[in-house]
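Observations on the three-dimensional arrangement
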Amino acid sequence: ATSIGYYKSDPDKRTQSNIKAEMDYGLAEKKFRGFVNYYNKFENIHHSELALCGGRQALQFNGNNPINKLVNTVSTLFFEDNYMKLYESNFVGGIFNREWFNGFWLKTELYYSERKPLFNHTDYVTLNVEDKNYTSNNPLAPELENSAAIVKHNLIKARLGAKFNFGQEYWLRPDGKFNLSNDQYPTLQINFEKGFAGNESQYNYDHLSAQITYERTLGNKGNLSMRANAGKFYHADKISFVDYKHFNGNRTYIGTEEQYLNRFNLLPYYIGSTNDAYFEFHAEHNDNGYITNKLPLINLLHSTLVLGYHNLSVPKRSPYHEYTVGLDQLGFGKFKIFRLDYIHSYQNGHQEDGVILGLKILDTFN
């Protein structure tokens, strides 16, 4: 893949704009894809932002991109574990985001897309470590070769999102408004998404969701972070698998985020995907050294203890739980880029245990 772009900013007004084009070529598929993004933050009192995009991309079914590109490349070429599942999208769309009054943001999005299934075009591996084959590009039936989770279809998707930063304080300067965080209050987001004008009516749907996030400093005892997400689909019995609610799983045993507040680290990638109701909850407490600094030998690592709990509940499945304990800020000198977690998963009984190695630097390769 290659990209080119142009960036412009006004330091006095603290505004900026950029345009970026990215292109790639599938060697085995013999096909070009590319897209263009335009972004403009044109004033700094209400933080008004406009983004436009269009082109052709191979996208993960889960739009949160839970599978890191570099990690997937290594797992595919060396272990034949091609976890990333893709479809093709020809699209055009835009986003407008603005803080209309202090602490209240409104974001509007509109996209048109043509979606097509993609299939494997190669079985090349660098090392044949294990005697197995690539799975298909169908997350619903990975063992069925050349099967597809979707058929070609068109859809327009509109989304309206409101965000409330309760108790937000701010200060003003000639170059803009600066919002100050307040850990006494949570942040609430409410979203309504509508799929319409599908080439077949079965692809149309409504999706209402809400998310609440909360981070609190507990004095010298560390930081508590929580995220809860709930939603419900309507008129969505036969919608495209692209538009399901997908949850971020992990089968690579590699983590790339600073915090695991949007991920389950032992959950298979698409096993919980739903077009019905759902509830998702994540919590982590980082002791910032309050406990680890008092433990012999461990205190030599200058690391922090992280305790976590994660829950996923969807209809017709028992609730899924993960309990975690780990050490963060591992490394040498200024290079504290590692994290190590033990995870215990539970669903109608003990499911699995695993160890996740966090490599935060990999997030830049996604």
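Residues numbered from 1 in each chain as written. Predicted model: local features only at pLDDT ≥ 70, side-chain atom pairs only at ≥ 80, totals over all residues. Heavy atoms only, no water.

Moving on to the pairing of strand E11 (residues 205–217). Bridge count for strand E10 (residues 187–196) against E11 is nine bridges, and the pairing is antiparallel. Its bridge partner being in E11, lysine 194 is matched across the sheet by aspartate 206. (Pairing = 2+ DSSP bridges. Helix = DSSP H or I, 4+ residues; strand = E, 2+ residues; numbered from the N terminus.)

Attention now moves to the packing of aromatic side chains. Enumeration over the complete set of coordinates arrives at 17 aromatic pairs. Taken together, a centroid distance of 4.7 Å and an interplanar angle of 10° make the contact between tryptophan 171 and phenylalanine 178 stacked. A relative accessible area of 38% places tryptophan 171 in the partly exposed class. On the numbers, 5.7 Å between centres and 70° between planes, the contact of phenylalanine 247 with tyrosine 278 is edge-to-face. Note that phenylalanine 247 is positioned in the loop between strand E12 (223–234) and strand E13 (254–255) and tyrosine 278 in strand E14 (residues 277–286), a separation of 31 residues in sequence. Across the pair, exposure class does not vary: phenylalanine 247 and tyrosine 278 are buried alike. Taken together, the ring pairs in this structure connect Phe61, Tyr87, Phe241, Tyr244 and Tyr270 into an aromatic cluster. Across from the ring centre of tryptophan 100, 4.5 Å away, lies the NZ or CZ of arginine 98, which sits over that ring. Positioned above the aromatic ring of tyrosine 234 is the side chain of lysine 232, whose terminal nitrogen or guanidinium carbon lies 4.9 Å from the ring centre. (Phe/Tyr/Trp six-rings, centres within 6.5 Å; stacked < 30°, edge-to-face > 60°. Buried < 20%, exposed > 50% of the residue type's maximum accessible area, 1.4 Å probe, protein only. Lys NZ or Arg CZ within 6 Å of the ring centre and 35° of its normal.)

With that settled, the discussion passes to the nonpolar core. In this structure, Tyr205, Phe233, Phe247, Phe264, Leu312 and Tyr320 are the most contacted members of the largest nonpolar core, which totals 17 residues. With 10 residues, the next largest nonpolar core counts Phe61, Tyr87, Val242 and Tyr270 among its residues. (Core = buried A, V, L, I, M, F, W, Y, C linked by side-chain atoms within 4.5 Å.)

Turning our attention to unusual backbone geometry. Across the chain, the bulk of peptide bonds are trans and the bulk of non-glycine residues have phi less than zero. You will see that arginine 14, though not glycine, has its phi angle at about 55°, which is positive. By the secondary structure assignment, arginine 14 is in the loop between strand E1 (2–10) and strand E2 (15–26). Despite not being glycine, tyrosine 253 shows a phi value in the positive range, around 65°. Turning to its location among the elements, tyrosine 253 is positioned in the loop between E12 and E13. Of the residues examined, tyrosine 253 reaches a relative accessible area of 33% and is grouped as partly exposed.

This part takes up the side chain of asparagine 229. Tracing the sequence through the fold places asparagine 229 in strand E12. Among the residues examined, asparagine 229 registers a relative accessible area of 5% and is labelled buried. Ignoring sequence-local partners within four residues, the contact set of asparagine 229 consists of Ala210, Gln211, Lys245, Tyr278, Phe279 and Glu280. (Contact = heavy atoms within 4.5 Å.)

Tracing the sequence through the fold places proline 117 in strand E6 (residues 104–117). On a C-alpha basis, the gap between proline 117 and asparagine 146 in space is 9.9 Å, while along the polypeptide they are 29 residues apart. Apart from the residues lying within four places of it in its own chain, the contact partners of proline 117 are Ala148, Ile150, Val151 and Lys152.

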